[in-house]
Amino acid sequence: MLPFTLEKVTSVQAAIAAASSGRRFIAGGTTLIDLMREEVERPEHLVDINTLPLSEIRIEGSDLVIGALARMADIAAHSDVQRLHPLVAESLIEGASPQLRNMASIGGNLLQRVRCPYFRMHDAPCNKRTPNSGCAAIDGLNAGHAILGTSNHCAATHPSDVAVALVALDATMQVRGPRGERSFPVEELFRLPGDTPHLEHTLLPGELILAVRVPGGPYSRRARYLKVRDRASYEFALVSAAAALEVGDGVIRQARLAVGGVGTRPWRLRTVEKALTGKAPDRKIFETAARLALEGARPLSGNHYKLELLPRTIVRALEMTGEAA
């Protein structure tokens, strides 16, 4: 690990001022420290933000508000989260080992870097690590890579599980930086790779995530998260689906659906949602709608299996929402 300095701050404004001069925030450090050990990330100055008052988990009206420094384990175990937003709780539990959940913050989870093996291999070209160097995954080992939102420069999937749930539920995030405070949908945090895959998010220099707000709705409790992976213990998704339905008078009134493990960012399926709305919640309807998730898919040599696994995962997640009702 290369040498670095560590500065502790006790106020949001002090944190923003420090980051505005090029320093990097660190909270749980579950991703950043690993990448620093491997010299993939090489920050010279870190700002410890763990003492900032950003760990509260509360209900405001029908909304769930999660402070950016709230730990994944605390959120998943919170009684209001389990009762009102089981989709968020499930995605957090599925997202990491108990040890990592105890350390990792919700803000850090959303900003974690990709898990493509070539990203961590200094002897392999990677446009995320070294812009314009190439992408070894395109013609290499790519079974776990994306089929949606890819470019000729990158096909790495976004690794966060809870981000998939938050995107499905239309969550927003509150940030503050040198230019003031703003809010925007969590979905808009993530960039497509295009020809600049090293630019992964839309935060401005010096901006700090303050909180995530998850709106409540009649679909919130009829919601499930399904994750398909190589092993049942801690592992990243091959395909995952976050599904929430409001059903009344025998038809689907509202649908919320996003998938992970297949996109270069958490992938909202609005076409599928539209196809489900107004229909009866039965398997045939689910299967027909789920096929629409493959629009624009660009599989690589090793991940054609996701063309079959993705619709099947969506169908099962939709069926599970009935079991949650």
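Residues numbered from 1 in each chain as written. Predicted model: local features only at pLDDT ≥ 70, side-chain atom pairs only at ≥ 80, totals over all residues. Heavy atoms only, no water.

### Description of the sheet that holds strand β6 (residues 172-177)
Threshold: Any two strands with at least two DSSP-identified bridges between them are counted as paired. Note on conventions: DSSP H or I runs of at least 4 residues are helices, E runs of at least 2 residues are strands, and numbering of each starts at the N terminus. Where helices are involved, their axes are fitted lines through C-alpha atoms of the stretch in contact, as for all axes, and angles between N-to-C directions lie from 0 to 180°.
Ordered by their spatial adjacency, 5 strands build an open sheet running β4-β5-β8-β6-β7, and the pairing between neighbours is antiparallel. The open sheet has two edge strands, β4 (57-60) and β7 (180-185), and neither has a second partner. Pairwise comparison of adjacent strand axes, ignoring direction, gives a mean angle of 25° for this sheet. Where strand β5 (residues 63-67) and strand β8 (residues 208-214) come together, 4 bridges link them in antiparallel fashion. Across the sheet, the residue bridging to Ile-66 is Val-212, located in β8.

### Thoughts on the nonpolar core
Inclusion rule: By nonpolar core we mean a set of buried residues, namely Ala, Val, Leu, Ile, Met, Phe, Trp, Tyr and Cys, connected to one another through side-chain atoms within 4.5 Å. Only protein chains enter the area calculation, which uses a 1.4 Å probe; residues under 20% of their type maximum are buried, those over 50% are exposed, and those in between are partly exposed. For this analysis, residues touch if any pair of their heavy atoms sits within 4.5 Å.
Core analysis: the largest hydrophobic core is formed by 42 residues, its most contacted members being Ile-75, Leu-110 and Leu-166. Among residues more than four places away in sequence, those in contact with Ile-75 are Ile-57, Ile-66, Ala-70, Val-81, Val-88, Leu-92 and Ile-106. Counting residues in hydrophobic clusters, the runner-up holds 29 residues, among them Leu-148, Ala-241, Leu-294 and Leu-309.

### Overview of the sheet that holds strand β1 (residues 5-8)
The strand order across the open sheet built from 3 strands is β1-β3-β2, with neighbouring strands paired in parallel fashion. If you trace the sheet from one side to the other, it starts and ends with β1 and β2 (24-26), each paired once. Across the sheet, the mean angle separating the axes of adjacent strands is 35° when strand polarity is ignored. Alignment of β2 against strand β3 (residues 45-48), held across 3 bridges, turns out to be parallel. Bridge pairing in β3 links Ile-26 to Asp-48.

### Observations concerning the domain arrangement of the protein
In plain terms, the rule: For every domain, the bounds stem from an assignment made automatically or drawn from a database.
In terms of domain boundaries, the protein breaks down into domain 1 (5-50) and domain 2 (223-320). Here the C-alpha centre of domain 2 lies 36 Å away from the C-alpha centre of domain 1.

### Let's talk about the pattern of salt bridges
Note on pairing: side chains with opposite charge can pair once their charged atoms come close. In plain terms, the rule: Salt bridges, as used here, are contacts in which a Lys or Arg side-chain nitrogen is within 4 Å of a carboxyl oxygen on Asp or Glu.
This model, assessed by the stated rule, comprises 28 salt bridges. With its nearest N and O atoms 2.8 Å apart, the salt bridge here joins Arg-113 to Glu-41. Of this pair, Arg-113 sits in the loop between α7 (106-110) and α8 (162-168) while Glu-41 sits in the loop between α2 (32-37) and β3, and the two are 72 residues apart along the sequence. Comparing Arg-113 with Glu-41 shows no difference in burial state: the two are buried. Residues participating in the shared-partner salt-bridge network are Arg-24, Glu-41, Arg-113, Lys-128 and Glu-200.

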